[in-house]
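Remarks on the overall topology
Residue-level listing of the chains:
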Amino acid sequence: MSTMRTVKVDGEARYDISIGPGLLGDPVLFGHALRGRHALIVSDTNVAPLYADTLEATLLTARPAMQVARFVMPAGEQEKTLARFCQCLDALAALGATRDATVIALGGGVVGDLAGFAAACWMRGIDVVQVPTTLLAMVDSSVGGKTAVDLPAGKNLVGAFHPPRAVAADTATLRTLPPRELRAGLAEVVKYGAIFDAEFLTWLEARTQALLAGDDATLAEAIARSCEYKADIVARDPYEHGERALLNFGHTFGHAIEAEQGYAGAGSEALNHGEAVSVGMVLAARLSAALGRSPAADTQRLQALLQKLGLPTVVPAGLEPEALLARMRLDKKADATGLRFVLWDRAGLAKVVSGVADEKVLDVLRV
Ligand code: NAD
Ligand code: ZN
């Protein structure tokens, strides 16, 4: 049954991303990733009941003398707080974790970001192994070393760059993922094609049914290709001084939508992160076309693919263009010269563009 793939991140920080079904039960994989005597599994109330026992058994098979504890937090973006982060550090203290301890992040991007930040801070930095269980975390948040928690003033305002020691994406865990969360992850998969590779968009266009049906092989291929794009850019620009910013395609608009809606979590009427990025990518494509940079046909192509994947492509009713624009000015992606966007010259070729006029942005938001 071994259909494991490995993507290597090969920059300043080197680590392997392992992708395949059943990795949670692979003691060899985790044996390689663990050092020391202490491991803290960080998870949430949805994921821990499903997968923490299997993971813990695997860790103890790999390292019978290991002391393993758990920190299980309530699920949801609203829990990605400094208060939960402190509780996670308290759990490391209670475990008696030393400098060679390992934090294991078992969950989606919320758990991965918070656990990664706790690992970055505990005794000035210990290992974190990312075990992503959402598609979004597998293709995006578990790779690249960005960790953070939110403040009332905004998302991801406190954090650190802290690359993982290893990433283990067990694709079998996607079978329990709510369909809406799967679709949200597919938005980030589409993003890689939009930024880097029109051929990948063609590949996705031909496989929307298989992806939505959760077909293992198709998803594994999509995850591996996404991780290759991300690994490549992260290796060249680990601290986002330059081209890594391209990964924010759709995110300036997307974050503004999320912020206006009050960071709604799963199950809510409001858009989740992936859905907001889906709308944001279409807006970025429309803005590119409005500025005369890209063909309108490419916007339509992107919109059609996202729609086939069951993703939203228009700004939700009730969000005011002016309010969204004000949010974008507060975003980390704005700078002194005005609004900065990741736009595209065509499908598969994204560019960072500074000094975009407010009126152009409002025009796109008003349609
Ligand atoms: P999430 O972690 O909230 O997970 C979504 C929901 O799915 C949660 O309710 C969770 O409990 C549940 N869940 C997770 N895995 C499951 C499974 N296998 N079966 C059943 N339920 C499961 O959200 P997410 O979309 O994974 O991540 C979003 C977060 O990621 C945001 O906070 C965002 O800022 C962050 N992010 C970080 C980076 C980065 O580079 N660090 C990149 C992108 C996104
Ligand atoms: Zn994103």
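What you see is a predicted model; the values in this text were computed from it and never measured. (Residues numbered from 1 in each chain as written. Chains lettered and ligands numbered in written order. Predicted model: local features only at pLDDT ≥ 70, side-chain atom pairs only at ≥ 80, totals over all residues.)

**Description of the overall build of the protein chain**
Threshold: The way it works is that DSSP assigns letters per residue, a run of H or I at least four long becomes a helix, a run of E at least two long becomes a strand, and they are numbered from the N terminus. Radius of gyration: over C-alpha atoms. The globule rule applied is 2.2 Å multiplied by the number of residues raised to the 0.38 power. Whether a residue is buried, exposed or partly exposed follows from its count of other C-beta atoms within 10 Å of its own C-beta, namely 20 or more, 12 or fewer, or something in between, respectively; the C-beta atoms are built from the backbone. Here, residues touch in the contact sense if the C-beta positions derived from the backbone fall within 7 Å of one another.
Looking only at helices and strands, the protein chain features 14 helices and 12 strands. Relative to the globule expectation of 21 Å for 367 residues, the C-alpha radius of gyration of the protein chain, 20 Å, shows essentially globular dimensions. Principal-axis analysis of the C-alpha atoms places the extent of the protein chain at approximately 60 × 40 × 40 Å. Here the protein chain holds 367 residues, and 51% of them are scored as buried. Contacts in the protein chain between residues at least 24 apart in sequence constitute 74% of all its contacts with a sequence separation of at least 6.

**Overview of the nonpolar core**
Just so we agree on the cut-off: For this entry, the nonpolar core is defined as buried Ala, Val, Leu, Ile, Met, Phe, Trp, Tyr and Cys residues connected by C-beta atoms within 7 Å. Start and end points for every domain follow an automatic or database-based domain assignment.
Leu40, Val42 and Leu106 are the most contacted members of the largest nonpolar core, which totals 119 residues. Top contributing element to this core by residue count: helix H6 (residues 179–196), with 10 residues. Per-domain counts for this core show at least three residues from each of domain 1 (5–176) and domain 2 (179–366). Beyond its immediate stretch of four places on either side in the chain, Leu106 contacts Ile41, Val42, Ser43, Val47, Tyr51, Ala52, Leu55, Val111, Val131 and Thr133.

**Notes on the domain arrangement of the protein chain**
Rules: Note that Gly is not counted as nonpolar here; it falls among the polar residues with everything else outside the nonpolar set of Ala, Val, Leu, Ile, Met, Phe, Trp, Tyr, Cys and Pro and the charged set of Asp, Glu, Lys and Arg.
We note that the domain assignment places domain 1 (5–176) and domain 2 (179–366) within the protein chain. Between domain 1 and domain 2, the residue contacts involve 31 residues of the former and 30 residues of the latter. Breaking the side of domain 1 that touches domain 2 down by element, the ones donating at least two residues are strand E1 (5–10), strand E2 (14–20), helix H5 (135–141) and strand E8 (154–161). Class assignment of the residues belonging to the side of domain 1 that touches domain 2 gives a composition of 14 nonpolar, nine polar and eight charged.

**Observations regarding the UniProt feature "binding site: Zn(2+)" (unreviewed entry) in the protein chain**
Operational definition: UniProt positions are given in the numbering used here, feature names are shortened, and annotations may be inferred rather than shown by experiment.
In this structure's numbering, the residues bearing the UniProt feature "binding site: Zn(2+)" (unreviewed entry) are Glu188, His251 and His273. Annotated residues spanning 86 residues; largest pairwise C-alpha distance 10.2 Å, indicating a single compact cluster. Positionally, Glu188 belongs in helix H6. Its place among the elements puts His251 in helix H10 (residues 251–261). His251 has contacts with Val277 and Gly280, leaving out every residue within four places of it along the chain.

**Description of the site of ligand 1**
Counted only if it meets this: Contact assignment follows one rule, namely that a residue is near a molecule or strand if its backbone-placed C-beta atom lies within 6 Å of it.
Around ligand 1, 31 residues are found, and the nearest of them are Asn46, Gly108, Gly109, Thr134 and Ser141. If you list the elements that add at least two residues to the shell around ligand 1, you get helix H4 (109–121), H5, E8 and H6. Counted by class, the shell around ligand 1 contains 10 nonpolar, 13 polar and eight charged residues.

**Quick look at unusual backbone geometry**
Phi at Arg124 is positive, roughly 65 degrees, even though this residue is not glycine. Among the secondary structure elements, Arg124 is positioned in the loop between H4 and strand E6 (127–132). Phi is positive for Glu240, which is not a glycine, with a value near 55 degrees.

**Section: the pairing of E2**
Heads up, the rule is: By definition, two strands form a pair when at least two bridges between them are found by DSSP.
Counting buried positions over the seven residues of E2 gives five, a clear majority of the element. Alignment of E1 against E2, held across six bridges, turns out to be antiparallel. By the bridge assignment for E2, Lys8 is matched with Asp16. The hairpin turn running from E1 into E2, its antiparallel successor, is three residues long. The pairing of E2 with strand E9 (residues 166–170) spans four bridges and is classified as parallel. Along E9, the bridge assignment pairs Gly20 with Asp170.

**Quick word on the pairing of E6**
Quick note on the threshold: Whether a crossover is right-handed comes down to one check: with the strands pointing away from the viewer, does the path from the first strand over the helix to the second run clockwise; if it does, it is right-handed.
Buried residues dominate E6, accounting for six of its six residues. By the alternation rule, side chains of E6 split into Asp127, Val129 and Val131 and Val128, Gln130 and Pro132, which are all buried. Two strands pair when backbone bridges link them, and strand E5 (residues 102–107) and E6 are joined in this way by six bridges, in the parallel orientation. Each bridged residue has a counterpart across the sheet, and for Val103 the counterpart in E6 is Val128. A crossover links E5 with its parallel partner E6, the connecting element being H4, and its sense is right-handed. The pairing of E6 with E9 spans two bridges and is classified as parallel. By the bridge assignment for E9, Val129 is matched with Ala166.

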